[in-house]
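Spelled out from the first residue to the last, the chains are:
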Amino acid sequence: ANSADALGSMFGKPRLDVVEGAGRKLQFAGTACTLDIYFYAARSGAAPVATHVDARTPDGRDTEVNGCANALRR
């Protein structure tokens, strides 16, 4: 699932949905961690896909992405 719609159905409503230039960032947050997912289109007119994911704990430390994603699934 690497489209914004698929992630929304997996994690619910993002806490942040920010368009940054050619990209877009969705942020999903729970008690265990925060997940930032960055989307970019490979070329003009293409559907944006998730190209980078960051995960961190509430105190700001990097954490494992898959574990965070599993914790945030609804």
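Note that the structure is a prediction, hence the values are computed from the model and not measured.

Asker: Any chance you could explain the sheet that holds strand S2 (residues 23-29) here in plain terms?
Answerer: The strands that make up a sheet pair up through hydrogen bonds in the backbone, lying either parallel or antiparallel. Strands sit in the order S1-S2-S3-S4 across an open sheet of 4 strands; the sheet is antiparallel. Unpaired on one side and paired on the other, strand S1 (16-20) and strand S4 (49-56) mark the two borders of the sheet. The mean angle between the axes of side-by-side strands here comes to 20°, regardless of whether they run parallel or antiparallel. In this sheet, S2 lies alongside S1 in antiparallel orientation, the contact comprising 5 bridges. Each bridged residue has a counterpart across the sheet, and for Val18 the counterpart in S2 is Lys25.

Asker: Looking at this model, I keep getting lost on the pattern of salt bridges. Mind explaining?
Answerer: If charged atoms from side chains of opposite charge come close, those side chains can pair. All told, the structure shown has 3 salt bridges when counted by the stated rule. When the shortest N-O distance is used, the salt bridge between Arg24 and Asp17 registers 2.7 Å. What makes Arg24 partly exposed here is its relative accessible area of 31%. The shortest N-O distance in the salt bridge between Arg56 and Asp36 comes to 2.6 Å. On the criterion of sequence distance, the pair formed by Arg56 in strand S4 and Asp36 in strand S3 (residues 34-40) is long-range, its members being 20 residues apart. Residue Asp36 is classed as buried on the basis of its relative accessible area of 4%.

Asker: Just to check I follow, could you spell out the state of the cysteines for this structure?
Answerer: Where two cysteines share a covalent bond between their sulfur atoms, that bond is called a disulfide. Inspection of every chain in the model, using the stated rule, returns 1 disulfide. In this model, Cys33 is linked to Cys68 through a disulfide, with the two sulfur atoms separated by 2.1 Å. Its torsion about the S-S bond being 100°, the disulfide of Cys33 and Cys68 is classed as right-handed. Taken together, the positions of Cys33 in the loop between S2 and S3 and Cys68 in helix H2 (residues 65-72) put the pair 35 residues apart, joining distant regions of the chain. Cys33 sits in the buried class, given a relative accessible area of 4%.

Calculation rules
- Residues numbered from 1 in each chain as written.
- Predicted model: local features only at pLDDT ≥ 70, side-chain atom pairs only at ≥ 80, totals over all residues.
- Heavy atoms only, no water.
- Pairing = 2+ DSSP bridges.
- Helix = DSSP H or I, 4+ residues; strand = E, 2+ residues; numbered from the N terminus.
- Axes fitted to C-alpha atoms, helices over the stretch in contact; angles between N-to-C directions.
- Salt bridge = Lys/Arg side-chain N within 4 Å of Asp/Glu carboxyl O.
- Buried < 20%, exposed > 50% of the residue type's maximum accessible area, 1.4 Å probe, protein only.
- Disulfide = S-S within 2.5 Å.

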